Amino acid sequence: QAIAMQPPTASVGMTEIEARLKYGQDLFTVHTTPQNTSQNADPEFCKFFCRRNGRIIGAHAVGNNALEIIESVAIAMHAKLNVYQLGRMADASSGTITQLAAQLDRQIYSRNLGRQAWLEKWFNWRRQWNI
């Protein structure tokens, strides 16, 4: 869906609340921050909802290239591409999508740090007791 306003707004797929209810902890939210804060340029904002494997569940975009980003995301969702594959596609919005893919990698890695620390403690305990 797209809303014709200034700046343009578009979205595809689930909203964040719907995705949180359905996927819970398996949902990752990545977004860009507005780059332009001057009065002449419109701020651009993009928010993706992805699963751990990079599969896109939904997206929202505001800004001059919002329609192009959402069109690319809609095609990727239909073709069952993940955000990493979408970032490699050559189009006008690939810089934004590549930035979001990198941010998703950082989020997945940071969530795994807690799990890795727990596993390390567990294995150390097993080694102590020769189990």
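Calculation rules
- The residue count restarts for each chain, going from 1 along the sequence in the order it is written.
- In keeping with the model being predicted, local features are shown solely for residues with a pLDDT of at least 70 and side-chain atom pairs are shown and tallied solely at 80 or more, while totals for entire chains, interfaces and linings include all residues.
- Based on all heavy atoms of the structure, the side-chain values leave hydrogens and waters out of the count.
- What counts as a helix is a DSSP run of H or I of at least four residues, what counts as a strand is a run of E of at least two, and both are numbered from the N terminus.
- Exposure is judged per residue with a 1.4 Å probe applied to protein chains only, and the accessible area is read against the type maximum: over 50% gives exposed, under 20% gives buried, and values in between give partly exposed.
- Should any heavy atoms of two residues lie within 4.5 Å, those residues are counted as being in contact.
- Residue burial considers only the protein chains on display, and all accessible areas are found by Shrake-Rupley using a 1.4 Å probe.
- Working definition: a disulfide is two cysteine sulfur atoms within 2.5 Å of each other.

Novice: It is not clear to me how the overall build of the protein chain should be interpreted in this structure. Could you clarify?
Specialist: Of the regular secondary structure elements, the protein chain holds four helices and five strands. Overall, the protein chain shows an N-to-C arrangement of helices and strands of β-β-α-β-β-β-α-α-α. Counting all 131 residues of the protein chain, 34% fall into the buried class. A sequence separation of at least 24 residues applies to 50% of the contacts in the protein chain between residues at least 6 apart. Total accessible area computed for the protein chain in this model is approximately 8,500 Å², and 55% of it derives from carbon and sulfur atoms.

Novice: Help me out: how do you make sense of the side chain of S11 in this one?
Specialist: With respect to the helices and strands, the residue S11 is situated in strand β2 (residues 9-13). Each residue touching S11, except ones within four places of it in the same chain, is listed here: Q1, A59, H60 and I70.

Novice: Explain the state of the cysteines to me, please; I cannot follow it from the model alone.
Specialist: Disulfide: a covalent bond connecting the sulfur atoms of a pair of cysteines. Here the structure, examined in full by the defined rule, presents zero disulfides. Considering cysteine sulfurs only, C50 is the nearest to C46, which forms no disulfide, with 9.7 Å between them. With relative accessibility at 1%, the residue C46 sits in the buried group.

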